[in-house]
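Structural overview for review
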Amino acid sequence: MKPFLKAGSIGTATFSVVILCFLFLPYPWLQPEVLEEEEVAAIEQRGNQYFEMIAEGKNLDRPFPEMAIREDNALTPAKIELGRMLFFDPILSADNASSCATCHHPDLGFSDNRARSMGFGGQGIGPARTGGVLLPRNTPTIWNAAYNIRQFWDGRASDLEEQADGPIHHPDEMAQNQELLVEELAAIPAYVDLFEAAFGTPELTYDQVTYAIGAFERTVITSDSRYDQYARGDREAMTPAERRGLNLFRSLKTRCFECHNLPTFANPDFKVIGVPEPEGVDPDLGRAEIVGPGYEGAFKVPTLRNVALTAPYMHNGVFETLAEVVDFYATGGGTTRGMDGFEIDDKIRPFALSGTERDDLVAFMHALTDESNKPAVPSSVPSGLPVVPRLENQSPEMAAERARVPAVDAASVNRQGNHLIVAADQRIQDAIDVAQPGDTVFVEAGVYHETLALDVSQVTLIGEHTDSTRAVLDGQEMLSDGMVGSGSDIVIEGFEIRNYTANGLMIDLATNITFRDLHVENTGLYGVYPVEVVGVVVEGSTVIGARDAGIYVGQSKDIIVRNNVVHGNVTGIEIENSVNALVDNNEVYDNAGGILVFLLPNNPSKISTGCVVQNNKIYNNNHVNFADPNAIVASVPSGTGVMILAADDVRVTQNEILNNKSAGVAILGLATLFGEDKEFDVDPTPENNWIYDNQIGGNGNAPDAKVAEAGFDGADLIWDMTGLNNSWDQADATKLPYTLPESTWSDFRRRANYRLWQTAAAML
């Protein structure tokens with residue numbers, strides 16, 4: 001990619017020509033690529049709002065995002081009632097035979113229980129509908145559609161008003177003429193009254209039709225499922241199977257939570273997962289049909305709320321049951337199905353589930369069912385046309401409800417004041433389940449085979465630790481996680497965590513979490529894994545053998561990682577899409593990559609800024625990279641000391657960075673990792689990073705093959721020349737390119753240096 005950074009690739013004569021001409025070349029490609037200030041400000045605003053949302057949350061009981069409402073379409077009771085009438089009235093279709101509710105029936109989860117929708121000319125409702133135009137995609141539910149950033153599977157509508165407009169006049173759906181519809185409505189006195197009450201004028205317009213429907217659909221909200229009751233503190237609301245399923249859902253074994261984000265269980269992004277098309281059907285390009293190349297096969301991440309009501313599943317209804325959906329993901333989604341031309345999301349990877357685990361995961365998705373706010377089907381509509389009848393839901397999931405049994409065994413818990421004592425023959429989870437704010441759960445030395453769910457707050461969990469013994473969580477190479485949870489104001493210390501298949505300790509969507517004095521070894525992808533947390537401390541711990549990062553802090557803010565020892569991992573410490581992190585006085589060695597500060601696309605947080613990496617010993621990080629080849633971290637070259645990828649305002653100072661065979665410190669833009677033609681939802685350019693006053697040397701002497709493939713030689717300091725305002729004050733370090741901007745350089749000198757090396761690249 002940057003062949004001029006290869007040693008010896010530019011000769012003296014060529015270099016002299018470059019020096020004479022580079023300042024005067026007018027070509028636009030010699031200007032650094034930067035986002036407009038407005039774009040950067042918008043990304044930063046989204047980032048700040050995201051962290052405010054986390055801080056305002058109450059563990060699993062997360063605040064829903066702000067509902068997008070047009071300024072000129074305020075919700076009023078009169079407008080909502082008009083929208084309800086229109087939603088159920090077949091007058092909206094050209095043949096007066098189908099209404100919005102024909103395909104979005106409230107008894108069918110506001111879908112139609114069909115694999116693919118039946119459009120204009122169809123007879124009947126739901127799965128029995130026949131004879132019309134067979135549409136290419138499955139009917140999306142309207143439940144919580146008000147929280148969607150964009151509407152339809154491919155996101156072609158920006159809001160509910162635009163979505164309501166599409167089917168009405170589409171020739172394959174309702175095929176209605178807009179002007180004729182307004183004339184029909186205006187001829188019905190009851191509608192004239194309803195429109196005047198809603199909009200204050202007797203003059204009907206087509207926009208008012210879509211505005212009223214959009215207003216009604218914003219009231220179709222589900223937020224009181226058994227899961228929600230559990231999230232609000234009712235620990236008996238979910239069965240043991242449902243709670244185990246929740247643990248799996250938010251485990252890195254399955255990674256479900258990374259796309260189906262709480263509390264909507266949806267996602268504003270469009271993902272490529274590689275769903276197969278039915279035999280004989282051409283691949284559906286999805287989002288690419290709207291925005292062009294780069295999104296082939298990408299579709300909206302749908303909500304999982306009321307998902308048990310809406311079978312069959314996926315954009316084309318190819319899967320009949322939730323068990324089939326789980327199996328699809330477990331076998332690697334499209335990564336194992338030869339989806340040529342589709343760039344499958346890196347989170348889609350195979351994982352192993354037992355039959356019981358699959359059942360538990362499906363049971364949890366059933367716990368997301370809530371129809372308590374289902375709107376009533378009107379007995380009649382002003383047009384006098386037939387209203388859809390009440391129906392029995394045809395989803396095969398509805399026959400799968402399980403017996404409900406108590407989830408908590410409180411009788412065995414030994415309480416002594418505000419201390420809960422767990423002996424080696426007892427369950428830690430039982431003590432956690434009865435813990436109250438201010439309690440300490442003390443776990444005596446011994447070996448415990450559990451996955452802990454820590455969804456309470458203001459609790460300290462201490463494992464007994466003497467010179468010769470510890471309280472040990474051992475997954476026996478079978479359990480997925482040592483701990484998952486969303487509690488706040490939590491301290492976890494003293495434990496050994498070992499032999500899990502997904503990760504050691506994971507806390508997400510929380511505030512003020514401390515991990516202290518832990519020994520974590522062989523726990524799958526991650527050792528210590530706080531994600532979406534405001535206020536993180538990881539200190540005094542040892543982490544070994546993680547297949548991704550030993551200590552990973554992602555999508556978080558206000559972070560301290562200090563006094564830890566991390567070795568034998570793919571990467572030692574990773575700070576990803578986070579704000580205000582201090583990585584201090586850690587010993588990081590024998591990993592493939594030492595310390596990473598990343599900004600990656602398609603994550604909830606869209607910013608990475610304000611990280612300080614100081615006083616660390618970062619040496620001999622030359623371990624083979626043993627990550628999953630489909631993971632982004634697999635692209636980190638063995639022999640990397642510190643890598644800054646697209647992050648801003650990172651300070652790397654007072655560290656010992658020694659003998660890392662590929663690079664001491666590398667600053668890269670996203671294009672180097674993902675390709676020049678890729679579009680990103682984050683600022684791909686690293687800016688305002690400063691590398692200074694480190695003891696640095698012996699790096700880059702035997703670079704990994706990945707370094708050569710990217711067009712680099714090894715060095716103490718490597719820059720791919722993305723970002724104009726990065727600085728290096730390391731006089732004795734080896735550098736690529738050979739002149740790196742220093743903190744005292746003027747803007748003119750920085751731009752001149754940039755043009756120099758870009759010109760050199762163009763002349764080779």
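Residues numbered from 1 in each chain as written. Predicted model: local features only at pLDDT ≥ 70, side-chain atom pairs only at ≥ 80, totals over all residues. Heavy atoms only, no water.

Details of the overall build of the protein chain
Counting its secondary structure elements, the protein chain contains 18 helices and 34 strands. If one aligns the C-alpha atoms of the protein chain with their principal axes, the spans along those axes are about 85 × 75 × 50 Å. The buried share of the protein chain, reckoned over its 764 residues, is 58%. Put simply, of all contacts in the protein chain between residues at least 6 apart along the chain, 63% involve residues at least 24 apart. Taken as two groups, the 54 positive and 108 negative side-chain charges of the protein chain have centres that lie 2 Å from each other. (Helix = DSSP H or I, 4+ residues; strand = E, 2+ residues; numbered from the N terminus. Buried < 20%, exposed > 50% of the residue type's maximum accessible area, 1.4 Å probe, protein only. Contact = heavy atoms within 4.5 Å. Lys, Arg positive; Asp, Glu negative; His and termini not counted. Charge placed at Lys NZ, Arg CZ, Asp CG, Glu CD.)

Considering the packing of helix α10 (residues 240–249) against helix α14 (residues 355–366)
Viewed as axis vectors pointing N to C, α10 and α14 meet at an angle of 95 degrees, and their least axial separation amounts to 7 Å. As the angle between them shows, α10 and α14 are arranged roughly perpendicular. Facing α10, whose interface residues are Ala241, Glu242, Arg244, Gly245, Leu246, Leu248 and Phe249, α14 presents Glu357, Asp360, Leu361, Ala363 and Phe364. A class-by-class count of the residues in the contact of α10 with α14 yields seven nonpolar, one polar and four charged. (Axes fitted to C-alpha atoms, helices over the stretch in contact; angles between N-to-C directions. Parallel < 35°, antiparallel > 145°, perpendicular 65-115°, else oblique. Nonpolar A, V, L, I, M, F, W, Y, C, P; charged D, E, K, R; others polar.)

Overview of the pattern of salt bridges
All chains considered together, the criterion is met by 33 salt bridges. Here aspartate 430 ties to arginine 427 by a salt bridge, and the two come within 3.0 Å at their closest N and O atoms. By relative accessible area, aspartate 430 is classed as buried at 4%. Between aspartate 474 and arginine 498 there is a salt bridge, with its nearest N and O atoms 3.0 Å apart. Here arginine 498 lies in strand β12 (residues 496–498) and aspartate 474 lies in strand β9 (residues 471–474), a separation of 24 residues in the sequence. By relative accessible area, which is 9% here, aspartate 474 ends up buried. A single salt-bridge network, built from bridges that share partners, covers Arg137, Asp154, Arg156, Asp284 and Glu289. (Salt bridge = Lys/Arg side-chain N within 4 Å of Asp/Glu carboxyl O.)

Some thoughts on the pairing of strand β15 (residues 526–539)
Most of β15 sits out of view: 14 of its 14 residues are buried. Here β15 pairs with strand β17 (residues 549–554) via three bridges, running parallel. Counted as the bridge partner of valine 528 is isoleucine 551 from β17. Where β15 and strand β18 (residues 557–562) come together, five bridges link them in parallel fashion. (Pairing = 2+ DSSP bridges.)

Things to note about the sheet that holds strand β22 (residues 587–589)
If you trace the ten strands from one edge of the open sheet to the other, you get β6-β9-β12-β14-β16-β19-β22-β25-β28-β31, paired in parallel fashion. Lying at the two open borders of the sheet, with one neighbouring strand each, are β6 (446–448) and β31 (695–697). With strand direction ignored, the average angle separating the axes of adjacent strands in the sheet is 10 degrees. Relative to β9, β6 is paired through three bridges, and the arrangement is parallel. Directly across from tyrosine 448, in β9, lies its bridge partner leucine 473.

Details of helix α6 (residues 178–186)
Looking at α6, one finds that the buried residues are Leu181, Val182 and Leu185. All buried residues of α6 lie within an arc of 100 degrees about the axis, which places them on one face of the element. Exposed side chains of α6 directed beyond 90 degrees from the buried face belong to Glu179 and Glu183. Where α6 is buried, its residues touch α3 (77–87), α5 (160–169), α7 (189–199) and α8 (206–217). Among the residues of α6, the N-terminal cap falls to asparagine 177, whose side-chain oxygen and the backbone nitrogen of glutamate 179 are separated by 3.0 Å. (Arc of directions from axis to C-beta. Polar contact = N/O pair within 3.5 Å; in protein donor to acceptor, adjacent residues only side chain to side chain.)

So, the confidence of the model for the protein chain
Residues of the protein chain with pLDDT of at least 70 account for 91%, and the chain-wide mean is 89. Contacts for the low-pLDDT stretch residues 7–31, under 50 throughout, to residues beyond four places or in other chains number 38 contacts. (pLDDT = per-residue confidence, 0-100.)

Examining the environment of valine 472
Counting through the fold element by element, valine 472 comes out in strand β9. Of the residues examined, valine 472 reaches a relative accessible area of 6% and is grouped as buried. Separated by 176 residues in the primary sequence, valine 472 and aspartate 648 have C-alpha atoms spaced 39 Å apart. In this structure, valine 472 is in contact with Gly446, Val447, Tyr448, Glu496 and Arg498, ignoring residues within four places of it in sequence.

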